[in-house]
Amino acid sequence: MTPYAVISDVHSNLHALEAVLKDIDGRGIEDIYFAGDIVGYGPRPNECIDIIIQRCKILIAGNHDWAVIGYTDTEYFNEIAMYAIEWTRDNLTDKHMEDIKEFKLFKSDPARDAMFVHASPKDPDNWDYLFSLTNAAVNFRSFQQKFCFVGHSHTPVIIEYAGPGEMLTIWDNTEIKESSRYIVNVGSVGQPRDGDTRASYAVVNDKAIEIIRVSYDIEKTQTEMREAGLPVRLIERLSYGH
Ligand code: ZN
């Protein structure tokens, strides 16, 4: 089977997205899947929507995408995230608002034996964070496929399920075992939070899953954020990767 890439959490960071796509193209990979949150936080929402729609074979909604179009509750958003949601709403064209309304909460690709959902397969519209193994165990019962790709936490991690009580957390790459199933958090393209400032995504082939990190021009995005009047905290966090 041909290799494929899974990207997530672009958050309107055009320069990070372009760097990741260049890296994917450089590997000769054609199939790209998107696990949600094109917009929110960053300065270039319209361009990122166009690119994701054009380049991705499957794309789904994240909580920020749905927040912008009013499809999900925003009560749990902090003040800064909420400011960015309102900024995004003010700066999206009507066409791009309509585009987001088409995004579904989860999708699967039978050819890849894979499901794609932004937060968790158990409760896609609850926007839970899938951090603990206990939580992962419950979630492995909520999808049938071999692979479930998620984003949301902005922290890349691979969780392998080899049988009841047999789970393993792997951080950056692993061989694929025939009898195991996997939940893969591909990390964030546009706002990594694991202390590594580089954009994160996953490449999968017949044998392995690998988390890839790609450098991009962080200052360029930060300059655009300043010009857009986005909150300082959101601008600064790109320099620290958290
Ligand atoms: Zn996100």
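Residues numbered from 1 in each chain as written. Predicted model: local features only at pLDDT ≥ 70, side-chain atom pairs only at ≥ 80, totals over all residues. Heavy atoms only, no water.

Trainee: I'm lost on the packing of helix α2 (residues 45-55) against helix α5 (residues 94-101) in this one. Help?
Mentor: Packed helices, taken two at a time, are described by their axes: the angle between them and the distance between them. Running from N to C, α2 and α5 point in directions that differ by 45°, and their axes come no closer than 10 Å. Taken together, α2 and α5 sit at an angle that is classed as oblique. Considering only the axes of α2 and α5, their crossing is left-handed. Residues Asn46, Ile49, Asp50 and Ile53 of α2 form the contact with α5, whose participating residues are Lys95, His96, Asp99 and Ile100. Partitioning the contact of α2 with α5 into residue classes produces three nonpolar, two polar and three charged. (Axes fitted to C-alpha atoms, helices over the stretch in contact; angles between N-to-C directions. Helix = DSSP H or I, 4+ residues; strand = E, 2+ residues; numbered from the N terminus. Parallel < 35°, antiparallel > 145°, perpendicular 65-115°, else oblique. Left-handed = near helix turned anticlockwise from the far one by under 90°. Contact = heavy atoms within 4.5 Å. Nonpolar A, V, L, I, M, F, W, Y, C, P; charged D, E, K, R; others polar.)

Trainee: Any chance you could explain the sheet that holds strand β6 (residues 147-150) here in plain terms?
Mentor: Adjacent strands of a sheet pair through backbone hydrogen bonds, lying either parallel or antiparallel. With mixed pairing, six strands are arranged side by side in an open sheet as β4-β5-β6-β10-β7-β8. Unpaired on one side and paired on the other, β4 (106-109) and β8 (166-170) mark the two borders of the sheet. Recorded for the sheet is a direction-independent mean angle of 15° between the axes of neighbouring strands. Summarising the sheet, β6 and strand β10 (residues 181-185) pair through four bridges and their orientation is parallel. Looking at β10, one finds that Phe149 is bridged to Val184. (Pairing = 2+ DSSP bridges.)

By themselves, these figures tell us nothing about what the structure is for.
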